[in-house]
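One-letter residues, chain by chain:
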Amino acid sequence: MRYDQAVEVLKNNGMEKMKEIYGAACAGENLKRYENLAEGYQKYFKDQEFDFFSAPGRTEISGNHTDHNSGKVLAGSIHLDTIAAAGRNGSDQIRMISATYHQDMTISLNDLERTNATSGTGPLLKGILDGFRKRGHKVGGFNVYTTTNVIGAAGVSSSASFEMLICTIVNHLFNDGALDIAEYAQIGKYAENKFWNKQSGLLDQMACAAGGIVTIDFKDQAKPVLEKLEFDFDELGHDLVIVNTGKGHADLSDEYSSVPIEMKKVAQYFGKEVLRECTLEEVIDHATEVRKFAGDRAVLRAIHFLTEDERVDTAVKAIKEKDYATLLNVITESGNSSWKYLQNCYPSGEHKEQPVTVALALTEVYLKKLGRGVCRVHGGGFAGVIMALVPHDDTDAYVAYMAKHMGKDNVYKMRIRNAGAIKVEF
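Residues numbered from 1 in each chain as written. Predicted model: local features only at pLDDT ≥ 70, side-chain atom pairs only at ≥ 80, totals over all residues. Heavy atoms only, no water.

Turning to the packing of helix H10 (residues 296–320) against helix H11 (residues 324–342), a few remarks are in order. Axis separation between H10 and H11 bottoms out at 9 Å; the angle between their running directions is 170 degrees. With respect to H11, the element H10 is oriented roughly antiparallel. Between H10 and H11 lies a crossing of left-handed hand. Two secondary-structure elements touch here, H10 through Leu300, Arg301, His304, Thr307, Glu308, Arg311, Thr314, Ala315, Ala318 and Ile319 and H11 through Tyr324, Thr326, Leu327, Val330, Glu333, Ser334, Ser337, Ser338, Tyr341 and Leu342. For the contact of H10 with H11, a count of residues per class yields nine nonpolar, seven polar and four charged. (Axes fitted to C-alpha atoms, helices over the stretch in contact; angles between N-to-C directions. Helix = DSSP H or I, 4+ residues; strand = E, 2+ residues; numbered from the N terminus. Parallel < 35°, antiparallel > 145°, perpendicular 65-115°, else oblique. Left-handed = near helix turned anticlockwise from the far one by under 90°. Contact = heavy atoms within 4.5 Å. Nonpolar A, V, L, I, M, F, W, Y, C, P; charged D, E, K, R; others polar.)

Two numbers describe how helix H1 (residues 3–22) lies on helix H2 (residues 27–45): the axes approach to 9 Å, and their chain directions differ by 150 degrees. With respect to their mutual orientation, H1 and H2 come out roughly antiparallel. When the axes of H1 and H2 are compared, the crossing they make is right-handed. Two secondary-structure elements touch here, H1 through Tyr3, Ala6, Leu10, Gly14, Met15, Met18, Lys19 and Tyr22 and H2 through Ala27, Gly28, Asn30, Leu31, Arg33, Tyr34, Glu35, Ala38, Glu39 and Gln42.

The next point concerns the nonpolar core. With 36 residues, the main nonpolar core has Leu125, Leu129, Phe142 and Ile169 as its most contacted residues. Among the elements that take part in this core, helix H4 (residues 158–174) stands out by supplying ten residues, more than any other. Counting 31 residues, the second largest nonpolar core, distinct from the first, contains Phe233, Leu236, Val316 and Val385. (Core = buried A, V, L, I, M, F, W, Y, C linked by side-chain atoms within 4.5 Å. Buried < 20%, exposed > 50% of the residue type's maximum accessible area, 1.4 Å probe, protein only.)

Turning next to the pairing of strand S8 (residues 238–244). For S8, a buried count of seven out of seven residues is recorded, marking the element as mostly surrounded by other parts of the structure. By the alternation rule, side chains of S8 split into His238, Leu240, Ile242 and Asn244 and Asp239, Val241 and Val243, which are all buried. Of the pairings in the sheet, the one linking S8 to strand S10 (residues 385–391) comprises seven bridges and is antiparallel in character. Considered in S10, the bridge of Val243 is made with Ile386. With four bridges connecting them, S8 and strand S11 (residues 411–414) associate as antiparallel partners. Bridge pairing in S11 places Leu240 opposite Met414. (Pairing = 2+ DSSP bridges.)

The strand order S9-S10-S8-S11 describes an open sheet built from four strands, whose pairing is antiparallel. The sheet is open, and its two borders are formed by strand S9 (374–377) and S11, each paired with just one other strand. Adjacent strand axes in the sheet meet at a mean angle of 20 degrees, parallel and antiparallel pairs treated alike. For S9 and S10, the ladder comprises four bridges, and the chain directions are antiparallel. In the sheet register, Arg376 faces S10, and the bridge partner there is Met387. H11 rests against S8, S9 and S10 of the sheet, and its axis sits at about 30 degrees to S9. Relative to S8, helix H13 (residues 395–406) is tilted by about 5 degrees, and along the sheet it contacts S8, S10 and S11.

Here it is, written out as structure tokens:
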């Protein structure tokens, strides 16, 4: 559609579509975002045709740092998303305007070689396009105007949200929508692994692309098994609150990469490639030898992985049986294991600066006084955000309490979004 058609569509059908995707409470503000998107595309690309696309961020409930060793996860899409107006331009170039980050970049399809840069949007965009080609899919030139409200470098997968957005655009513009979300995830992982040198797994991409609450088993990395769960935190009588501790994790690739590397080092002792192929009993029985081979922290991280997989199974069972007391308990156990064994609450050697740990401590003190609610480190960790599940009646007071310590713009009440990475059809 062209700009005048988009204006008419948004006027007539926009509010209903926004309610469907974002919920009634957020429909108005998101309709304005899409109106601004159409205006931005018109400003830069004049009367060229475009479609709307959207990909959400994600929350991680359990399964912290397990995907890269073929483990299991429990995660969900959130209502914050990256949106775009995009259309073919008939050239061999991609021009991208990011309103949020004030970027204007052009990528040539004839130059998708890796550079020395291992962060930023440019290398990631190149990696996605190269990933499509490497897997035998079509790519072509297109224009894209994008904006996002996914918190950047903070553990709710702003990068995966962007990756899944671009995958959705390229899939629909050049591949007739033939790719599934598992393929999207593999392409996003390829881009991060090869163009960012970040040894990430598939969790973030699949959770962003799928929509809703999902459990994913990564035993077969090439074909992860995803199951959607009919569940929302409202059923618990709780709100999901994300607290941004104020320190981003964009420069912590080495910390993230150390987790899969150390876990795989433990697996190597047993002649295996990943920890999924080992058992907790094996690691415990050979703890002395494994400590010498891989180091103490690697052993602790292995114990986290092998017990975390069990916790995901317990959490999924609890959701299906509506045993919410067990679910809350598992989330607490998962967070404690991340804190004590995985050790991803602050970077190595940074004992004077621990915003994630402080946010967890403040929250635990608060929730203990309430006698209900849970919290945990969220996402990759080391910096970024924590999550708390707070009873509805106490949410506003908790938000005010944490805003006092972390800043009023750093505490977010989240909603689960059922739509994943999509072309927005009106």
